[in-house]
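Working through the structure, step by step
Each chain, written out:
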Amino acid sequence: MNHRFISSAVVFAALTVAIITGLFSQEKRQNPITVDNVAGAEKIIGLEFTQAKRDSMLDDLFDQLKNYENLRKVSLPNGIPPAILFNPIPAGFQFEKAKKPFKMSPPGKVAMPKNIEDLAFYSVGQLAELIRTRNVTSEQLTRMYLERLKKYGRKLECVITLTEDLALKQAKRADAEIARGKYRGPLHGIPYGAKDLLAVRCYKTTWGSVPYQDQVIDQDATVIKLLEDAGAVLVAKLTMGELAWGDVWYGGMTRNPWNYNQGSSGSSAGSASATAAGLVAFSIGTETWGSIVSPSTRCGTTGLRPTYGRVSRTGAMALSWSMDKIGPICRTVEDCALVFNAIHGPDAKDQTLYDVPFNYNPKVDVGKLRIGYLKMEFDSARVNKASNDSVLAVLRRLGAQLVPIELPKLPIGDLSIILRAEAAAAFDELTRGGKDDLLVRQIKNAWPNAFRTARFIPAVEYIQANRVRYLVIQEMQKLMKEIDLYVAPSFGGDNLLLTNLTGHPCIVLPNGFSKEGTPTSISFIGQLFGEAKLLAVAKAYQDATDHHLKHPKLEE
């Protein structure tokens, strides 16, 4: 036996062990995480561990930190969704399968006014009839709305970009097609505006935010494409609260046309303001937690928040992948139906979409329906109670069977951590790169601080919140089986957050005016994918009132 060889082998093995041990010790020495750090973090997440358990976690916590650092090297633009998809479908839910022809109300006799600007507040249905019968051209309408956008848009601070060249091109094409007998339908030649989180090729898509104010996305959002296919004319990209919060954006604060001292609320601030002011025939907004309902209430417009999974979000800024929804903001309920009919459905890109028919028919026998109402929220309303109660009175006159209901008793408000965690992920690089300092609003209750604090939401708690969300979905399905739809004060109780979490559709429409002379609203909530019945009932209510026919006096 060669003792020299054995001795060398032992030495080599010892050196190897020493090197590995040394490296491990060096790595351990470089671990910046201490037991005191863990103890401090425990207070943030509401847990408490022993000193021994804290010490045992240090190496794994350091490994996790390295995981984060490596993952952060991968570029993740806002448009990349997570591989986890939210499922709003309750157990045992049955989809409507039969597709029926879309039906709209007869336009009636629509006269062309002497002054074309009087058309500014006509409904989409009325404008469509004038275009179809060639009493007005799309180019004439488009130029009229462009002039109003230039005249009033600056004071209302509701316009980010006029798409004038594109609009005139689309309008002239619409007129040429209609002249040849190629009529695409009720949106053909109708001018509209889009919230500036929807990408439009060759135009800026700013998201209302300083860091993105020169951003150009080289694509058209699916909703923009579908509206172009329907023949609609894009005249403007409209303001939004910065990164979809409120009505403050990098250029100012979007105004309520009923009271210029008020913001228009948000985040679909410009969409609601411009529609209410008659600067567009309709607009496109989005909602995650009230961003269609709130500005529609403030500005007196009618807005549809569709079921989650109804309208493609391809080409739209992501805030919360499991809560974002795109819908129309219009003057009337049926206008919302006309626009929704053009934009709903799969696009082979957004994997959250469902292929479910929209069988709208304005003729509905309200007397055969069970309509729920949130009794506690109606009874306890501190403001606008008379307007709210008047809605129930109108529904009773229409023959509705009103059923008092209560929403599921679960910690709904606490589920807002889902939105905060997803929003922080959507704008992770903004926070890590320090560019959150560029955002306009720097108060505690604004995105920069919300993004930072959301970093401390544990993944376990995010998953647990979504498990509670699952329970809410099942409980809501039990409730909705007993009724056809329900009515609610727009900001009553937990309804707004709850239905945004479950994905139920909502139509918000004016129901009166406050003591200050600004609009108030009521919300109708439908069954999942039940927009057709929801809109028909809301239309029956709206037709029995005249709140939507009143318009603000504008300032130049």
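A brief report on the enclosed structure follows. This structure is a prediction, so every number in the text was calculated from the model and none was measured.

Overview of the packing of aromatic side chains
Summed over all chains, the structure comprises 21 aromatic pairs. Seen in terms of ring centroids, Tyr-354 and Phe-529 are 5.5 Å apart; in terms of plane orientation they differ by 75 degrees. Their pairing is edge-to-face. Residue Tyr-354 is located in the loop between α10 (333–343) and β11 (370–374), and its partner Phe-529 is located in the loop between β15 (519–526) and α18 (531–543); the two are separated by 175 residues in the primary sequence. Overall, the relative accessible area of 21% leaves Tyr-354 in the partly exposed class. Here a set of aromatic residues connected by ring pairs shows up, and it is made of Trp-207, Tyr-212, Trp-245, Phe-427, Trp-447 and Phe-451. Note that Arg-469 overlies the ring of Phe-86, its terminal NZ or CZ placed 3.7 Å from the centroid.

Observations regarding the pairing of strand β13 (residues 485–489)
In terms of burial, β13 is a largely internal element, five of the five residues being buried. Burial along β13 is two-sided: the residues Leu-485, Val-487 and Pro-489 and Tyr-486 and Ala-488 are all buried. One ladder, built from three bridges, connects β11 with β13; its direction is parallel. Note that in β13 the partner of Tyr-373 across the bridge is Val-487. Where β13 meets β15, five bridges bridge the pair, whose relative direction is antiparallel. For Ala-488, the partnering residue across the bridge sits in β15 and is Ser-523.

Here's the deal with helix α3 (residues 51–71)
Under the 1.5 Å per step criterion, the end-to-end length of α3 is 30 Å for 21 residues, consistent within 8% with the ideal 30 Å. For α3, the principal kink sits at Leu-58 and spans about 40 degrees.

Concerning the pattern of salt bridges
Enumeration over the complete set of coordinates arrives at 26 salt bridges. The salt bridge involving Glu-139 is made with Arg-143; its shortest N-O contact spans 2.9 Å. Residue Glu-139 and its partner Arg-143 are both found in helix α5 (residues 138–156); the two are separated by four residues, about one turn of the helix. One connected set of salt bridges, linked through shared partners, spans Glu-147, Lys-150 and Glu-164.

So, the environment of Ala-532
The topology assignment puts Ala-532 in helix α18. With relative accessibility at 14%, the residue Ala-532 sits in the buried group. Linking Ala-532 and Ile-412, residues 120 residues apart in sequence, is a C-alpha distance of 27 Å. Beyond its immediate sequence surroundings of up to four residues, Ala-532 is in contact with Phe-358, Asn-359 and Tyr-360.

Some words on the nonpolar core
Burial of nonpolar side chains together is a common tendency in soluble globular proteins. Membership of the largest hydrophobic core comes to 117 residues, with the highest contact counts inside it found for Phe-282 and Phe-524. The dominant element in this core, judged by the number of residues it contributes, is α18, at eight residues. If sequence neighbours within four positions are ignored, Phe-282 has contacts with Val-124, Leu-187, Ile-190, Pro-191, Tyr-192, Gly-193, Leu-227, Ala-232, Thr-275, Ile-329, Cys-330 and Val-339. Core analysis: the next-biggest nonpolar cluster, separate from the first, contains 18 residues, Leu-149, Ala-171, Tyr-260 and Leu-279 among them.

Considerations on a nonpolar patch on the surface
On the surface, a cluster of nonpolar side chains totalling about 380 Å² of accessible area is made up of Ile-44, Ile-45, Leu-47 and Phe-456. Mapped onto the elements of the fold, Ile-44 is located in helix α2 (residues 35–45). The exposure class of Ile-44 is exposed, given its relative accessible area of 52%.

A closer look at the sheet that holds strand β8 (residues 282–287)
Taken together, the 11 strands give an open sheet; going across it, the order is β1-β3-β2-β8-β10-β9-β14-β15-β13-β11-β12, and neighbouring strands pair in mixed fashion. Two strands close off the open sheet at either side, each with one partner strand: β1 (159–162) and β12 (401–405). Along the sheet, successive strands turn relative to each other by an average axial angle of 30 degrees, direction set aside. Relative to strand β14 (residues 506–513), strand β9 (residues 302–305) runs antiparallel, the two sharing three bridges. By the bridge assignment for β14, Leu-304 is matched with Ile-507. Sheet strands touched by helix α6 (residues 164–179): β1 and β3 (233–238). Its angle to β3, the strand with the most contacts, is close to 160 degrees.

Details of unusual backbone geometry
Among all residues save glycine, negative phi is the norm, and among peptide bonds the norm is trans. Residues Gly-266 and Ser-267 are joined by a peptide bond in cis, for which omega reads 10 degrees. Along the polypeptide, Ser-267 turns up in the loop between β7 (259–263) and α8 (269–276). A positive phi is found at Ser-265, a non-glycine position, where the angle reads about 70 degrees. With respect to the secondary-structure elements, Ser-265 resides in the loop between β7 and α8. Judged by relative accessible area, Ser-265 falls into the buried class, the value being 12%. At Asn-384, a residue that is not glycine, the phi angle is positive and equals roughly 60 degrees. The residue Asn-384 is located in the loop between α11 (375–380) and α12 (385–397) in this model.

As for the packing of helix α7 (residues 222–229) against α10
Running from amino to carboxyl end, α7 crosses α10 at an angle of 110 degrees, the nearest separation of the two axes being 8 Å. The angle between α7 and α10 places the two elements in the roughly perpendicular class. Along the contact surface, α7 presents Val-223, Leu-226 and Leu-227, while α10 presents Val-339, Ala-342 and Ile-343. Looking at the contact of α7 with α10, its residues break down into six nonpolar, no polar and no charged.

Overview of the side chain of His-188
Within the secondary structure layout, His-188 lies in the loop between α6 and β2 (191–195). Since its relative accessible area comes to 1%, His-188 is described here as buried. At 2.9 Å, the side chain of His-188 forms a polar contact with the side chain of Glu-177. At 3.0 Å, the side chain of His-188 and the backbone nitrogen of Arg-184 are in polar contact. Not counting residues within four places of it along the chain, the set of residues in contact with His-188 comprises Ile-131, Ala-174, Glu-177, Ile-178, Lys-182, Tyr-183, Ala-230 and Gly-231.

Rules used in this analysis
- Starting from 1, residues in each chain are numbered consecutively following that chain's sequence as written.
- Restriction of local features to residues with pLDDT of at least 70 applies here, the model being predicted, together with a cutoff of 80 or more for giving and counting side-chain atom pairs; totals for whole chains, interfaces and linings are based on all residues.
- Think of the side-chain values as coming from all heavy atoms in the structure, minus any hydrogens and water.
- Centre distance within 6.5 Å is the pairing criterion for rings of Phe, Tyr and Trp, where only the six-membered ring of Trp is used; planes under 30 degrees apart are then read as stacked, over 60 as edge-to-face, and the remainder as tilted.
- Per the convention used, a helix needs a DSSP run of H or I reaching at least four residues, while a strand needs a run of E reaching at least two, with both numbered from the N terminus.
- Only protein chains enter the accessibility calculation, which uses a 1.4 Å probe; a residue is then buried when its area is under 20% of its type maximum, exposed when over 50%, and partly exposed in between.
- Here, a charge over a ring is recorded when the distance from Lys NZ or Arg CZ to the ring centre is within 6 Å and its angle to the ring normal is within 35 degrees.
- What makes two strands pair is DSSP finding at least two bridges between them.
- By this rule, a helix spans an expected 1.5 Å times one less than how many residues it contains.
- Here the bend at each residue means the angle between axes fitted to two seven-residue stretches, the one ending at that residue and the one beginning there.
- Put simply, a salt bridge is a Lys or Arg side-chain nitrogen that is within 4 Å of an Asp or Glu carboxyl oxygen.
- Residues count as neighbours in contact if any of their non-hydrogen atoms are within 4.5 Å of one another.
- Joining through side-chain atoms within 4.5 Å is the link that ties buried Ala, Val, Leu, Ile, Met, Phe, Trp, Tyr and Cys residues into a set, and such a set is a nonpolar core.
- Exposure above 30% relative accessible area and no salt bridge define the residues that can form patches, which grow by joining like charges within 9 Å and nonpolar side chains of Val, Leu, Ile, Met, Phe, Trp and Tyr within 5 Å.
- Computed with a 1.4 Å probe, the accessible areas rest on the Shrake-Rupley method; for each residue, only the protein chains presented here act as cover.
- Axis angles are defined between N-to-C directions and span 0 to 180 degrees, where every axis is a line fitted to C-alpha atoms and, for a helix, only to the segment in contact.
- Put simply, angles under 35 degrees are roughly parallel, angles over 145 are roughly antiparallel, angles from 65 to 115 are roughly perpendicular, and the rest are oblique.
- Charged residues are taken to be Asp, Glu, Lys and Arg, nonpolar residues to be Ala, Val, Leu, Ile, Met, Phe, Trp, Tyr, Cys and Pro, and polar residues to be all remaining types, Gly included.
- What qualifies as a polar contact is a pair of N or O atoms within 3.5 Å, subject to a donor-acceptor requirement within protein and to the restriction that residues adjacent in sequence count only when both atoms come from side chains.

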